[in-house]
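Residues per chain are reported as follows:
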Amino acid sequence: MNRVLDFTTPMLPTNKPRYLMGVGSPDSLIDGVMRGVDMFDCVLPTRIARNGTCMTSRGRLAVKNAKFARDFRPLDEKCDCYTCRHYSRAYIRHLFKADETFGLRLTSYHNLYFLLNLMRQIRQAIMDDSLLDFKQDFFEEYGYNLPNAKNF
């Protein structure tokens, strides 16, 4: 994807929004922005949420796993979304195990909030002229393996 964006994005008008469809993972959003993409849309955050997977500052979390049955922490301790402020991993896991659709909604809300917050942070990093540093720090905490983050 990045090689294609490196080739095609410079050909697009700079005075119009640049749209990339079907991209929704944090690494791809950051890489897309670094290559001049302005807008994204993707089913990934809600699709994985419906299967019990949450995006967190430390990487993906599969809340349906048995190890979360007695884990009363929020999905992401660095997140201030409604889900993280009011519900624990244990409770959300219980909702999934009981086939309660409320669990799907809570995890979907969390994942969307996570990505919206990520994009806010990216915009701030652009304004601070620190996008490369932001990428490296984010990838390191999220758990992505970056042999050389400075060379995006």
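See the structure shown above.
Everything in this summary refers to the structure shown in the same document. (Residues numbered from 1 in each chain as written. Predicted model: local features only at pLDDT ≥ 70, side-chain atom pairs only at ≥ 80, totals over all residues. Heavy atoms only, no water.)

What follows covers the overall build of the protein. Summing up its helical and strand segments, the protein has seven helices and four strands in all. In the protein, the order of α-helices and β-strands from amino to carboxyl end is α-β-α-β-α-β-β-α-α-α-α. Referenced to the eigenvectors of the C-alpha coordinate spread, the extents of the protein come out at roughly 50 × 25 × 25 Å. Here the protein holds 152 residues, and 43% of them are scored as buried. In the structure as shown, the protein presents an accessible area of about 9,200 Å², 51% of it carried by carbon and sulfur atoms. (Helix = DSSP H or I, 4+ residues; strand = E, 2+ residues; numbered from the N terminus. Buried < 20%, exposed > 50% of the residue type's maximum accessible area, 1.4 Å probe, protein only. Areas by Shrake-Rupley, 256 points an atom, 1.4 Å probe, with all protein chains shown as cover.)

Before going further, it helps to spend a moment on the pairing of strand β4 (residues 59-62). Where strand β3 (residues 53-56) meets β4, four bridges bridge the pair, whose relative direction is antiparallel. The partner of cysteine 54 across the bridge, within β4, is leucine 61. The hairpin turn running from β3 into β4, its antiparallel successor, is two residues long. (Pairing = 2+ DSSP bridges.)

This paragraph deals with the environment of arginine 58. Along the chain, arginine 58 turns up in the loop between β3 and β4. Looking at arginine 58, the relative accessible area reads 62%, which means it is exposed. Along the sequence, arginine 58 and isoleucine 30 sit 28 residues apart, while their C-alpha atoms lie 16 Å from each other. Those residues in contact with arginine 58, other than ones at most four positions away along the chain, are Glu141 and Tyr142. (Contact = heavy atoms within 4.5 Å.)

This part covers unusual backbone geometry. With a phi angle near 55 degrees, aspartate 99 is a residue other than glycine that sits in the positive phi range. With respect to the helices and strands, aspartate 99 occurs in the loop between α5 (89-97) and α6 (101-127). By relative accessible area, aspartate 99 is classed as exposed at 69%. The backbone phi angle of aspartate 129 is positive, close to 55 degrees, even though this residue is not glycine. Tracing the chain through its elements places aspartate 129 in the loop between α6 and α7 (131-142).

So, on to the packing of aromatic side chains. Under the counting rule described, the total for this entry stands at 10 aromatic pairs. Measuring from centroid to centroid gives 6.3 Å for tyrosine 109 and tyrosine 113, while their planes differ by 25 degrees, and the two rings are stacked. Of this pair, tyrosine 109 and tyrosine 113 are both found in helix α6, four residues apart, which corresponds to roughly one turn of the helix. Seen in terms of ring centroids, phenylalanine 138 and phenylalanine 139 are 6.3 Å apart; in terms of plane orientation they differ by 65 degrees. Their pairing is edge-to-face. (Phe/Tyr/Trp six-rings, centres within 6.5 Å; stacked < 30°, edge-to-face > 60°.)

In this structure, Ile30, Phe40, Leu118, Ile122, Phe134 and Phe138 are the most contacted members of the largest nonpolar core, which totals 23 residues. Sorting the residues of this core by element identifies α2 (26-34), α3 (44-50), α6 and α7 as the ones contributing at least two each. In terms of residues, this core owes the most to one element, α6, which gives six residues. Excluding its chain neighbours within four sequence positions, the residues that come into contact with leucine 118 are Pro26, Leu29, Ile30, Phe134 and Phe138. (Core = buried A, V, L, I, M, F, W, Y, C linked by side-chain atoms within 4.5 Å.)

With that settled, the discussion passes to the packing of α5 against α6. Running from amino to carboxyl end, α5 crosses α6 at an angle of 135 degrees, the nearest separation of the two axes being 7 Å. What the angle tells us is that α5 and α6 run oblique. The chirality of how α5 crosses α6 is left-handed. Here Tyr91, Ile92, Leu95 and Phe96 of α5 come into contact with α6, specifically with Phe102, Gly103, Leu104, Leu106 and Thr107. (Axes fitted to C-alpha atoms, helices over the stretch in contact; angles between N-to-C directions. Parallel < 35°, antiparallel > 145°, perpendicular 65-115°, else oblique. Left-handed = near helix turned anticlockwise from the far one by under 90°.)

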